[in-house]
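This is what each chain is made of:
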2 protein chains.
Amino acid sequence: MNATVSTTKNVFRFGDKNTDGDRTMRNLLGGKGANLAEMGRIGIPVPPGFTITTEVCTKYNAIGKEQTIVLLEEEVTNAIKNIENIMGTTFGDAKNPLLISVRSGARVSMPGMMDTVLNLGLNDKAVLGLAKKTQNERFAWDSYRRLVQMYGNVVLGMKPENKDDEDPFEHCMAELKAERGISLDTEFNAEDLQRLVREFKALIKERTGHDFPSDPWEQLWGAVMAVFNSWNGKRAVYYRKINGIPADWGTAVNVQAMVFGNMGSNSATGVCFTRDAATGLNQFNGEYLIDAQGEDVVAGVRTPQQITLEGSKKWAELAKLTEEDRAKNYPSLQEVMPKQYQELFMYQNQLEIHYRDMQDMEFTIQDGKLWILQTRNGKRTGTAMVKIAIDMLREGLINEKEALLQLSPNKLDELLHPVFDLKGLKQAKVIAQGLPASPGAATGQIVFFADEAHKFKNSILVRMETSPEDLEGMNIANGILTARGGMTSHAAVVARGMGKCCVSGAGALKINYKKRTMTVEGYEYHEGDWISLDGSKGHILEGKVATMVPLLSDEFAEVMALSDKYATMKVRTNADTPKDARTARKFGALGIGLARTEHMFFEVDRIKTMREMILANTLKGRKLALEALLPMQRSDFEGLFEAMEGHPVTVRLLDPPLHEFVPHQLATQKELAEDLHISLASVKNKVAELHEFNPMLGHRGCRLGITYPEITEMQTRAIMEAALNLKAKGIMVNPEIMIPLVGSLEEFESQEAVIRTTAETIFKEYGDVIDYTIGTMIETPRSTLIADTIAERADFFSFGTNDLTQMTLGFSRDDAGKFLPIYLEKGLLKDDPFEVLDQEGVGQLVTLGAKRGRGAKPTLKIGLCGEHGGEPTSVTFCHDNGLDYVSCSPYRVPIARLAAAQAAIR
Amino acid sequence: MNATVSTTKNVFRFGDKNTDGDRTMRNLLGGKGANLAEMGRIGIPVPPGFTITTEVCTKYNAIGKEQTIVLLEEEVTNAIKNIENIMGTTFGDAKNPLLISVRSGARVSMPGMMDTVLNLGLNDKAVLGLAKKTQNERFAWDSYRRLVQMYGNVVLGMKPENKDDEDPFEHCMAELKAERGISLDTEFNAEDLQRLVREFKALIKERTGHDFPSDPWEQLWGAVMAVFNSWNGKRAVYYRKINGIPADWGTAVNVQAMVFGNMGSNSATGVCFTRDAATGLNQFNGEYLIDAQGEDVVAGVRTPQQITLEGSKKWAELAKLTEEDRAKNYPSLQEVMPKQYQELFMYQNQLEIHYRDMQDMEFTIQDGKLWILQTRNGKRTGTAMVKIAIDMLREGLINEKEALLQLSPNKLDELLHPVFDLKGLKQAKVIAQGLPASPGAATGQIVFFADEAHKFKNSILVRMETSPEDLEGMNIANGILTARGGMTSHAAVVARGMGKCCVSGAGALKINYKKRTMTVEGYEYHEGDWISLDGSKGHILEGKVATMVPLLSDEFAEVMALSDKYATMKVRTNADTPKDARTARKFGALGIGLARTEHMFFEVDRIKTMREMILANTLKGRKLALEALLPMQRSDFEGLFEAMEGHPVTVRLLDPPLHEFVPHQLATQKELAEDLHISLASVKNKVAELHEFNPMLGHRGCRLGITYPEITEMQTRAIMEAALNLKAKGIMVNPEIMIPLVGSLEEFESQEAVIRTTAETIFKEYGDVIDYTIGTMIETPRSTLIADTIAERADFFSFGTNDLTQMTLGFSRDDAGKFLPIYLEKGLLKDDPFEVLDQEGVGQLVTLGAKRGRGAKPTLKIGLCGEHGGEPTSVTFCHDNGLDYVSCSPYRVPIARLAAAQAAIR
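Residues numbered from 1 in each chain as written. Chains lettered and ligands numbered in written order. Predicted model: local features only at pLDDT ≥ 70, side-chain atom pairs only at ≥ 80, totals over all residues. Heavy atoms only, no water.

### Examining the environment of Thr 274 of chain A
Residue and element names in this part refer to chain A.
- Along the chain, Thr 274 falls in the loop between strand S8 (268-273) and strand S9 (285-290).
- Classification of Thr 274 as buried rests on a relative accessible area of 2%.
- The contact partners of Thr 274, leaving out residues within four places of it in the chain, are Asn 282, Gln 283, Phe 284, Gln 348, Glu 352, Met 358, Gln 359 and Met 361.
- Only 2.6 Å separates the side chain of Thr 274 from the side chain of Glu 352, close enough to count as a polar contact. (Helix = DSSP H or I, 4+ residues; strand = E, 2+ residues; numbered from the N terminus. Buried < 20%, exposed > 50% of the residue type's maximum accessible area, 1.4 Å probe, protein only. Contact = heavy atoms within 4.5 Å. Polar contact = N/O pair within 3.5 Å; in protein donor to acceptor, adjacent residues only side chain to side chain.)

### Considering the sheet that holds strand S21 (residues 530-534) of chain B
Residue and element names in this part refer to chain B.
- Taken together, eight strands build an open sheet; the order of strands is S12-S22-S21-S14-S15-S16-S17-S13 and the sheet is mixed. Where the open sheet ends on each side, the last strands, each with one partner, are strand S12 (430-433) and strand S13 (435-438). Each strand of the sheet is rotated relative to its neighbour by a mean of 30 degrees, with strand direction disregarded.
- In terms of strand pairing, strand S16 (residues 479-482) meets strand S17 (residues 501-504) through three bridges, oriented parallel. Residue Leu 481 lies in a different strand from S17, and its bridge partner there is Val 503. (Pairing = 2+ DSSP bridges. Axes fitted to C-alpha atoms, helices over the stretch in contact; angles between N-to-C directions.)

### Looking at helix H23 (residues 619-644) of chain A
All names here are of chain A.
- Spanning 26 residues, H23 covers 35 Å between terminal C-alpha atoms, matching the ideal 38 Å at 1.5 Å per step.
- Its maximal kink placed at Leu 629, H23 deviates by approximately 35 degrees, while the proline Pro 631 follows within four residues.
- Remark: Glu 645 follows H23 within two positions and exhibits a positive phi of approximately 50 degrees. (Expected span 1.5 Å × (residues − 1). Bend = angle between axes of the 7 residues up to and from the residue.)

### Some remarks on the interface of chain B and chain A
- Facing 53 residues of chain B, the contacting portion of chain A comprises 53 residues.
- Taken together, both faces of the contact between chain B and chain A bury some 4,800 Å²; the carbon and sulfur share is 54%.
- It is Phe 693, Leu 697 and Arg 782 of chain B in chain B that bury the most area against chain A; as a group they hold 14% of the surface buried on that side.
- On the surface where chain B and chain A come into contact, there are four salt bridges.
- The partner of Glu 840 of chain B in a salt bridge is Arg 782 of chain A, and the shortest N-O contact between them spans 3.3 Å.
- In this structure, the connection of chain B to chain A is made through 32 residue pairs in polar contact (both at pLDDT 80 or more).
- Looking at the side of chain B that touches chain A, the elements with two or more residues in it are helix H25 (680-690), helix H26 (702-707), helix H28 (745-766), helix H29 (781-785), helix H31 (801-809), helix H32 (820-826) and helix H33 (842-856) of chain B.
- For the side of chain B that touches chain A, the per-class residue count stands at 20 nonpolar, 16 polar and 17 charged. (Buried area = accessible area lost by both parts, 1.4 Å probe. Salt bridge = Lys/Arg side-chain N within 4 Å of Asp/Glu carboxyl O. Nonpolar A, V, L, I, M, F, W, Y, C, P; charged D, E, K, R; others polar.)

### Considerations on the pairing of strand S2 (residues 49-52) of chain B
Residue and element names in this part refer to chain B.
- Neither face of S2 is exposed, since Gly 49 and Thr 51 on one face and Phe 50 and Ile 52 on the opposite face are all buried.
- By the bridge criterion, four bridges tie strand S1 (residues 11-14) to S2 in an arrangement that is antiparallel. Across the sheet, Arg 13 pairs through a bridge with Phe 50, a residue of S2.

### Regarding the relation of the copies chain B and chain A
- Its rotation angle being 180 degrees, the transformation that places chain B on chain A also includes 0.2 Å of axial translation and leaves an RMSD of 0.4 Å. The operation mapping one copy onto its partner corresponds to a two-fold rotation axis. (Least-squares fit on C-alpha atoms with pLDDT ≥ 70 in both.)

### Details of the side chain of Thr 650 of chain B
Residues and elements named next belong to chain B.
- Examined against the element boundaries, Thr 650 turns out to sit in strand S26 (residues 648-652).
- At 2.7 Å, the side chain of Thr 650 forms a polar contact with the side chain of Glu 736.
- Those residues in contact with Thr 650 that sit more than four places away from it in its chain are Arg 572, Ile 592, Gly 593, Leu 594, Ala 595, Glu 736, Met 738, Phe 796 and Tyr 885.

Quick look at the structure:
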């Protein structure tokens, strides 16, 4: 951010070629003021006005209202005259009054935080002049009614502090509606509005002891000071604190002529886009209404009409209207006001070129004169985003860096996952909200048990939470819905890895496994009922909603190629299966940053052997079971290595507590006891023995390898034998062995010794060697604090920010669902820290760990393999901290590549 | 530690008044060398010798053996001549040989890590001279046998690397024993020993290809280099790493004349103490044997005799010997060798005065000549420790600071808790080892359920683990034994608070609640069986062992008063009940640093209301239940405030997850459902809903107060009303409200607002105010990282290092029992981090948090209220970090006070 330019000029005009400011003066004029000035400067017809600078706001706090008026009086008077000249109206005039608005405008947008007053300049006399001039009595009185109401609320403090308390103006209006037997504001007639103005003014007098000011200048100064005051209002202060906005920035005040699109058949109002926001096609488009206000276009009471003739014809076709009907009842602006249309077309073109991005504009035609009210970069779908950026690049409008920076990485998701068909979606009812755990759309019939997912051709698996035993069913189901768990719960992590839609932590769901029902606010859904999930929004919808899979465009490929051209940080993937690995390669992953070996043990034929190992009470028994697991692990690794085509593959040694592998249901326990020819009691004892109060902080990670070195030995053997087997076939392999949950050098060395000794033995057996490295996951706060020590021995670090977040914040990702939503709602947290890296807290530890690690070993390779590896702001953070790579689930690889490129460009 | 003094002198002599070094030269001469020099310097007859400096060790590593000999040759030759002069023997002489020892000696003691060779100077000729001179052929050959064996092992590398491999020398000896039908080394006669020397030498030749060197000088250089080499031996390197000893310190080598107490009836050997190590009485005492070696005194083959006549008579009385029998068979040294006794008496006096502490000495009388081999500060009981320090202070031997520094804070524990009667203890069998969770001794009959603790007059409560529901039973039982849980498990923390003996985490115990048995390695113990616990050592003993409660002496009171005179950091207590608070006041606590309000809810009459609150599904329902809890909490606080007599009382708001309060057994659930007139299902549902995977990281701490502000309101009301009620009675109150588990400023502010608003309301109601402060527990890693932000609003910080340790290390204190013992055994950890603050890791966060907190608010009050608050090294750490106070369980208050004083003095 620029330092505020010091100046003695307090008021900056805009609205004609003599505009004083431009868009670089954001700090002084605020965002809105700078943009209005910019448009004025390049000749866009914005309603004229002026901006009182942010510096005045700061002065106001020091010198108070009277002195501020003295300071501003001359400049404001002149600026008002300038508006009068342009508009041909006079402020305070009884016949031809100039109406103005007063709005706040800080450096950064603070939506809804500060106040606005419209229609200033009206009083008991001017309202009559306006009615006469516009030939619209109702319009004039409604404008006046709005002024008195807003002024009363904003300037005179009539608005109740507690939003549950009764608003006296609204109360008044409600009483009149009841009396008149009407229900909408629009049903008030001119007389009603006159009466309301009277009543409002009486109310103001009664409550504040002051009259509503009829002097327009008094109105103006009151509104300006109210805007300054609102900068220090409760809501604004709170918003600033949460968003880290300094109090001394202050707000600017924008004073601008009012223009009206509802002054008769020669007036209109509308919105338009320079390109198609849905498809990205380079087609000017938009909607308008004759004799209407801006709010009428979006309110849906009248059907908006298309701006271009082409658009209008297409619309009529879809609406099944005849050309005659269309031309008569819904003509385009191009047909109705060809001159203004031409002007608008020219301006939209100019603005897109000027702002180098697709624009979303608002305009009003008052009595035949076109005014542009606002322009901003337009919102768009993911598909449109990619197409627009690449088109503009091809058109020479922007360069490669600009094209990349124009993209919002997270929106790429829309291109990679199924989406709902929009028509179906409009009719579907959202029955509950969960967390958007894994993006995409899914529809299917409810099943409650993973092993019954195949029961329907399209199923949605609904669970309290999922566990590794559910993997197969999760793979079969179209989508996954859980009542518990957060953004990094088992269901969420696995689903993202699979690229499968998932909504987690939907607390409103009550699941009854026995009855096979789920209840949401009293409504009961049964097995077999159709539901749909929106994994990008966390919505749960009733019934079947059609989905479609988007095709990856050439433009998408071009965006990816451009990203790799600029990114300096690499992107790898978290993948446990050759299938995931291949998907990730397709999306451009340059290696595996995290292969979780434990997921491999959950397959049906393996889990039994794994359990046998766990239940063995002797070293010999464990070794026997491990020998049986060896060939399976070896073939897993062969698959992963082969899929990665010589790119590095980071294999994490066994991490989860053994408790996760043993059966917890009586039936399965019995089965296991029979299989192993041991007593049920001994199975139960073992399960009880393995139980932990806080498994997250328990006997897991390298603590397993230290207490059972034979597990580390077996895994090392599987890795090395796989690598040697492939090498013998001429396939390049690049294994990196990662020791999990290390908190001290001693732990690292203890496991390193086992790995090196085992590897040496195997190399002798094979008469060949493999280049490999040994590193560790940095995932306890302690390991970041002593990173220098660990780096003495470790070849690489990989920040495991999922666990690091859990421990640094003391948030269990599986339990945080109980308070996280409340925290987000109350504004105690801006983001879910499992989704967006908590840079203020956890980030300090990442920075420290990276710095200390590199301090001890400048060549240390550093990556990050938490879920944050695919979240754009976190990717930027990693780039800024000099990380070598991030690793994320396959479907987030494109997002991370783009984010990495943007970070490098910035 | 001092920097090594640079010098060109490589060899420092000791043993007569011309001794070169003194005790300040530890870095250069090592600990042993500096002490020998010091004794020589002050005229104590130590066997003469010399020290080769630590600097030579460093040089040796650079220049190798040959160059080192060149470097040392002249100095060593002169130093050997000096020994010969003093001893009247000649190195290498066939008739009157000088025998020497070569020992390592680093700056700090590294017990057992490096090598020693004795009896150097013997060879085939000298052994005959020695036999003739001593008239003891067996002695001469045994000395020679030892030399060859040690030299072979240490210098020539005959010792097998793997300790399970066969030692060739031991094998030889075993074969000879079998042949001769004997079993002890002492049964070898001179011929046997001659044969062993022959066989040993042949073995050396066979295995190494070299002869055992008969040249004494070759022997000497070999041994010196072996000591240097041992500095870089595997064990030593490992030991250094664990203990943070730099490799470049090097070791010194001590070469010293051998003296023998087994050269006939004019020789003797013994150990003595300048004061009584058990009682602290100022009485010289010790044991000796005529014609014996040092090892004979401790071996127990012969009965050692008393040194003083008075001691001898007392001993005889206890042993029920007649005076005649005593005087004939077990005379004192005072009677047998009055001249040497007088000399010894003089030296012990001199040494105690010189070292200003009770000394533990070893001496040998060789052929009538007294040699002092070693002196060091003597080990002593807690009682003796206190008495000796205060006696010496009164005697003017030491000053107040020295008296305090002489004390070992942890040993004060022995004075505060019951201890076993020593006689009974000797006969008792230790059946298992657990963690020394709460010190003291206890004996009683086994009960397995807390509510049956009253079943026996003396009971020991044996549980898998305890929970808050067991509180009452824990209070009744004499001691508590758990199979699970660590040093900060529920059982451990609560027991320490109660000052009750507890052994936790005894993994060998298998408990069968149904059968009411506990099994340890196959042995079954039943309800009602007597067992005993040593909570200071973690021992579980079979049967009834008598205990006794020590009386607090005047000397103890004097130590405490002295401590307070010097300590700058205050000591508070963790107390939840007026009883604990009063105990802590008795021990000198200057306030409560942690009052856990939740413990108050577990009492029988309250837990029901608490559960009613939890089960209420509406705000109204919760408020009703909270209203019922209010008067109970208020009276709790009144009790605490009153007990603390105006000292600050830090009340922590509700912290544990609500799950801890609901019943988990069907019977109790049914009862609760009936009490509240709700269905069993709804009780069960609530219990299931509250279940958490990792409650430690779950919905607890301020997260409760944020989701249920009404709880914070009630607790604030209880605190303030209690304070106001007492104030009305003229009792001073100083409440500090502590918000737990804060991780962000927003959390703090959210709770602070509730507290302040509630307090204001109450102050208005009462028409009076209370001075109070609001602070927070710093117990998540994040809170330390953003401490500056939180300090902007908080009045005080209290480091909760229990939880901070759990989160920083990722160690669940309730589960770490599964791997902590293995970590400690393998040397991966030096201490249990829940017992001794992990200064390297967690300590960094404490330092950071304190620094950032004070940086933002210099007046910030900072304390620590984890279990570490009563552990001396951690207390020192707190002092060094400028903390204002530590808070610990009542029975550790004296320890913390002493440790704080020591830290201030140091």
